[in-house]
Amino acid sequence: MDNDQRNRQPLIPADATIDFKLSGEVGHFFWSIGVNNVLNALYYDYAVASTFTDGRFSAYPLPGRTYMVKAGATF
């Protein structure tokens with residue numbers, strides 16, 4: 001954590017997400033469909049520790065489940 005010079009704050013917990021992607025192409029056309037964080041896990045990878053109180057910190061959460069659809073053509 002930022003601002004934890006004394007190394008007294010808890011560690012940022014480990015995290016894992018499940019992502020899914022399906023893609024293909026037909027001739028000059030391509031497509032893909034994806035879902036990130038399929039299980040909608042709540043997690044963070046950055047936090048700032050309190051200057052005055054051990055155990056207090058501000059965490060910046062990462063996005064929950066997101067979807068992506070792509071399509072295009074090559075020339």
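What you see is a predicted model, and the numbers here were worked out from it, not measured in a lab.

1. Quick word on the pattern of salt bridges
Then comes step 1: Applying the stated criterion across every chain, the model contains two salt bridges.
Then comes step 2: Between D54 and R6 there is a salt bridge; the shortest N-O distance is 3.2 Å. Taken together, the positions of D54 in the loop between β3 (44–49) and β4 (57–61) and R6 in the segment before β1 (20–26) put the pair 48 residues apart, joining distant regions of the chain.
Then comes step 3: Looking at R6, the relative accessible area reads 52%, which means it is exposed.
Then comes step 4: Across the pair R8 and D54 runs a salt bridge whose closest N-O atoms are separated by 3.7 Å. Taken together, the residues span a long stretch of sequence, with R8 in the segment before β1 and D54 in the loop between β3 and β4 at a distance of 46 residues.
Then comes step 5: Note on D54: relative accessible area 42%, which makes it partly exposed.
Then comes step 6: Linked by salt bridges that have partners in common, R6, R8 and D54 make up one network.

2. Considerations on the sheet that holds β1
Then comes step 1: Overall, antiparallel pairing links the three strands, which are arranged β1-β2-β5 in an open sheet. Every interior strand has two partners, whereas the edge strands, β1 and β5 (66–73), have only one. Recorded for the sheet is a direction-independent mean angle of 5 degrees between the axes of neighbouring strands.

3. Digging into the pairing of strand β2 (residues 29–36)
Then comes step 1: Note: β1 against β2, seven bridges, orientation antiparallel. Bridge pairing in β2 links L22 to I33.
Then comes step 2: Between β1 and the antiparallel strand that follows it, β2, lie two residues; G27 among them carries a positive phi value of about 60 degrees.
Then comes step 3: Strand direction decides the pairing type here: β2 and β5, joined by eight bridges, are antiparallel.

Scoring rules and cut-offs
Residues numbered from 1 in each chain as written. Predicted model: local features only at pLDDT ≥ 70, side-chain atom pairs only at ≥ 80, totals over all residues. Heavy atoms only, no water. Salt bridge = Lys/Arg side-chain N within 4 Å of Asp/Glu carboxyl O. Helix = DSSP H or I, 4+ residues; strand = E, 2+ residues; numbered from the N terminus. Buried < 20%, exposed > 50% of the residue type's maximum accessible area, 1.4 Å probe, protein only. Pairing = 2+ DSSP bridges. Axes fitted to C-alpha atoms, helices over the stretch in contact; angles between N-to-C directions.

Just geometry here; none of it tells us what the structure is for.
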